[in-house]
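Chain and residue survey
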Amino acid sequence: EAGVAQSPRYKIIEKRQSVAFWCNPISGHATLYWYQQILGQGPKLLIQFQNNGVVDDSQLPKDRFSAERLKGVDSTLKIQPAKLEDSAVYLCASSFKRETGGYEQYFGPGTRLTVT
Amino acid sequence: RKEVEQDPGPFNVPEGATVAFNCTYSNSASQSFFWYRQDCRKEPKLLMSVYSSGNEDGRFTAQLNRASQYISLLIRDSKLSDSATYLCVVTNDYKLSFGAGTTVTVRA
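Residues numbered from 1 in each chain as written. Chains lettered and ligands numbered in written order. Predicted model: local features only at pLDDT ≥ 70, side-chain atom pairs only at ≥ 80, totals over all residues. Heavy atoms only, no water.

Observations regarding the nonpolar core
Of all hydrophobic cores here, the largest spans 23 residues; its most connected members are Phe21(B), Trp35(B), Ile71(B) and Tyr86(B). Every element with two or more residues in this core is listed here: β3 (19-25), β4 (32-38), β5 (45-50), β7 (60-65), β8 (70-75), β9 (84-92) and β11 (102-107) of chain B. Sequence-distant contacts of Tyr86(B), defined by excluding residues within four places in its chain, comprise Gln6(B), Phe21(B), Trp35(B), Tyr36(B), Arg37(B), Leu47(B), Phe60(B), Leu73(B), Ile75(B), Gly101(B), Thr102(B) and Val104(B). The next biggest cluster of nonpolar side chains, apart from the first, holds 21 residues, and it includes Leu60(A), Leu77(A), Ala82(A) and Cys92(A). (Core = buried A, V, L, I, M, F, W, Y, C linked by side-chain atoms within 4.5 Å. Buried < 20%, exposed > 50% of the residue type's maximum accessible area, 1.4 Å probe, protein only. Helix = DSSP H or I, 4+ residues; strand = E, 2+ residues; numbered from the N terminus. Contact = heavy atoms within 4.5 Å.)

Details of unusual backbone geometry
Each neighbour pair has its own omega, and for Ser7(A) with Pro8(A) the value is -10°, a cis peptide bond. By secondary structure assignment, the location of Pro8(A) is in the loop between β1 (5-7) and β2 (10-13). Between Gln80(A) and Pro81(A) the backbone carries a cis peptide bond, its omega angle lying at -5°. Notably, Gln69(B) is not glycine yet its phi reads approximately 55°, a positive angle. By secondary structure assignment, the location of Gln69(B) is in the loop between β7 and β8. In the Ramachandran plot, Asp77(B) falls in the positive-phi region, its phi being about 50° despite a non-glycine side chain.

This is how it looks when you write it as structure tokens:
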């Protein structure tokens, strides 16, 4: 079974530039997540989609970050304009709901963003 | 107070040793609990779920204490390959909360 795909794997941009990340979840997984992970910290949820609807975007800095999942499959996350503090790994994950409860997540390899 | 808190470690242990660490959570309504493993510069990967009755997977044992709101992970007979950061994940309905991770280093 193919895993969660993300691209690009690495990106270096200057502050105030724009950047976009792409994610293709595991086939059949209705729920898709974007996380930001800063070195030494756990992943922080930015946005969660259920099919093509947003379930939780409470921690998404909406003045500069946007995300969409138009057809309920793949998703893009955009930062415009980027700040130095956006340097992090951006992880995409997808999940299914277990019969026993809870959501079992699978992560993509992440995109390592460096803002200079 | 953070939703999920972990001792960051690092726990430095020799091969063959037993190491254990906890994770506390603040929301008593939390429903599901997991341990993820994250290797350096890699994505998190599911290690095991944590059930109320406790569960084992080979050398790994996970326990849940709802009364005190913590989960634990115990690794027996540590291997060099167990060196990683272990992330605690707590879910409440659709929302998943991650701890910052506990770093374990197993030395030869």
